[in-house]
Amino acid sequence: MTKTTTNLRKFFACTLLGVFALALWGAAPALAAPGQVTIGGKEFTEQVLMVELMRALVEDKTDLKVVSKPHLGGTQIVDQALQRGDLDIYVEYTGTALLSILKEPTMNDPKAVYDKVAKIYREKRKIAWLDPLGFNNTYALAMRADHAKELGIKTISDLAKHAPKLVLGATQEFLERPDGYRELRKAYMGLDFKERRGMDPGLTYLACQSGKVDVITAFATDGRIVAFNLLVIEDDKRFFPPYDAAPLVRMDTLEKHPELKAALNTLAGKIDDKTMSKLNAQVDLDKKKAEDVARNWLMEN
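This is a predicted model, so every value here is computed, not measured.

Just checking my understanding: could you explain the side chain of Asn-136 for this structure?
Within the secondary structure, Asn-136 is located in the loop between β4 (127-129) and β5 (139-144). Separated by 2.5 Å, the side chain of Asn-136 and the backbone nitrogen of Tyr-243 make a polar contact. In this view, Asn-136 contacts Ala-220, Thr-221, Pro-242, Tyr-243, Asp-244 and Asp-273; residues no more than four positions away in its chain are not counted.

See below:
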């Protein structure tokens, strides 16, 4: 073996070791700097607002610095980031945690759902559920407020009396899935609409506003409900599972920074469905920056 060959082998070996070390370094989760926490969120407007609200509160009420990571993706991505330690905090919904993450059977009582997911997260995941924020972003039925007033409809039980003369606009998924329209009809006897139209979710609100359909499936805190003057019909039999929003915090983060609990719980019970809907509308329809909307709401409240 020549001296040149030996030197080349040493060179390539060192190069490969360097590349391998860099790869390992890049794959490892970043360690939070002292006095710093990372707050993340999913990819839709409401979650971006939650990131901004929590960031402002933490920076105002503690000495901690916040790294914001909104628009991370769907539930599974954000959940895994929290478990890995890439995130310290994000807002989750009780129904999502129960059904989509923990794969537990559905439940309808809000307190029972909250208590169950909080217990499992605390014991098996070392993650704490803080106090609920006050809004429930669940499935809902909605209709024009003036039409509902004209017919005397406030609850789904009221709606069932008029349904045979009304048209429902809903996503095809809601019409077909086992826990959607079919089971809703069983819970509310007589809820049988004159016509059911499967629609793209982005079109349902406009169709209801224009009178092409009478009732639509919606999400309780969607900003278009306020903008289009729609009424969310009360689910008086609690058919839809609760999706109460609450901050999740890693327990090791709380041990290092116990002041986080008091700061974030400042929001507890302060944001109802109507308020959240208005905040969403300011971003989605008025095209305001989420950071400005969050800061203005905090200053006013």
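Where do I start with the nonpolar core in this structure?
Looking at soluble globular proteins, one finds that nonpolar side chains tend to be buried together. One finds Met-50, Leu-53, Val-58, Phe-135, Leu-267 and Ile-271 to be the most contacted residues of the largest nonpolar core, which totals 36 residues. When residues of this core are traced back to their parent elements, those giving at least two are β1 (36-40), α2 (45-61), β3 (89-93), β10 (245-250), α13 (259-264), α14 (273-284) and α15 (290-300). Of the residues forming this core, the biggest block, 9 residues, is contributed by α2. Once residues lying within four places of it in the same chain are set aside, the contact partners of Met-50 are Val-91, Leu-133, Phe-135, Ile-271 and Met-276. Counting residues in hydrophobic clusters, the runner-up holds 23 residues, among them Ala-148, Phe-174, Tyr-181 and Phe-239.

Got a minute to help me understand the pattern of salt bridges in this structure?
A side chain of one charge can pair with a side chain of the opposite charge when the charged atoms of the two come close. Using the criterion set out here, one finds 18 salt bridges in the structure. Here Glu-92 and Lys-42 are joined by a salt bridge, their closest N and O atoms 2.8 Å apart. Placement of the pair is Glu-92 in strand β3 and Lys-42 in the loop between β1 and α2, with a sequence separation of 50 residues. Exposure class is identical for Glu-92 and Lys-42. Each is buried. Shared partners join several salt bridges into a network, and the residues in it are Glu-52, Arg-55, Glu-59 and Glu-291.

Honestly, the packing of aromatic side chains in this entry has me stumped. Any pointers?
Tallied over the full model, the rule gives 8 aromatic pairs. When the centroid spacing of 5.2 Å and the interplanar angle of 55° are considered together, the rings of Tyr-139 and Phe-174 count as tilted. Note that Tyr-139 is positioned in strand β5 and Phe-174 in helix α8 (residues 172-176), a separation of 35 residues in sequence. Using a relative accessible area of 1% as the deciding quantity, one classes Phe-174 as buried. Note on Phe-239 and Phe-240: the rings are 5.1 Å apart at their centroids and 75° apart in plane angle, and the pair reads as edge-to-face. Residue Phe-239 is classed as buried on the basis of its relative accessible area, which comes to 16%. Grouped by ring-pair contacts, the aromatic residues Tyr-139, Phe-174, Phe-219, Phe-239 and Phe-240 constitute a single cluster. When the ring centre of Tyr-121 is taken as reference, the NZ or CZ atom of Arg-125 above it lies at 4.8 Å.

Scoring rules and cut-offs
Residues numbered from 1 in each chain as written. Predicted model: local features only at pLDDT ≥ 70, side-chain atom pairs only at ≥ 80, totals over all residues. Heavy atoms only, no water. Helix = DSSP H or I, 4+ residues; strand = E, 2+ residues; numbered from the N terminus. Polar contact = N/O pair within 3.5 Å; in protein donor to acceptor, adjacent residues only side chain to side chain. Contact = heavy atoms within 4.5 Å. Core = buried A, V, L, I, M, F, W, Y, C linked by side-chain atoms within 4.5 Å. Buried < 20%, exposed > 50% of the residue type's maximum accessible area, 1.4 Å probe, protein only. Salt bridge = Lys/Arg side-chain N within 4 Å of Asp/Glu carboxyl O. Phe/Tyr/Trp six-rings, centres within 6.5 Å; stacked < 30°, edge-to-face > 60°. Lys NZ or Arg CZ within 6 Å of the ring centre and 35° of its normal.

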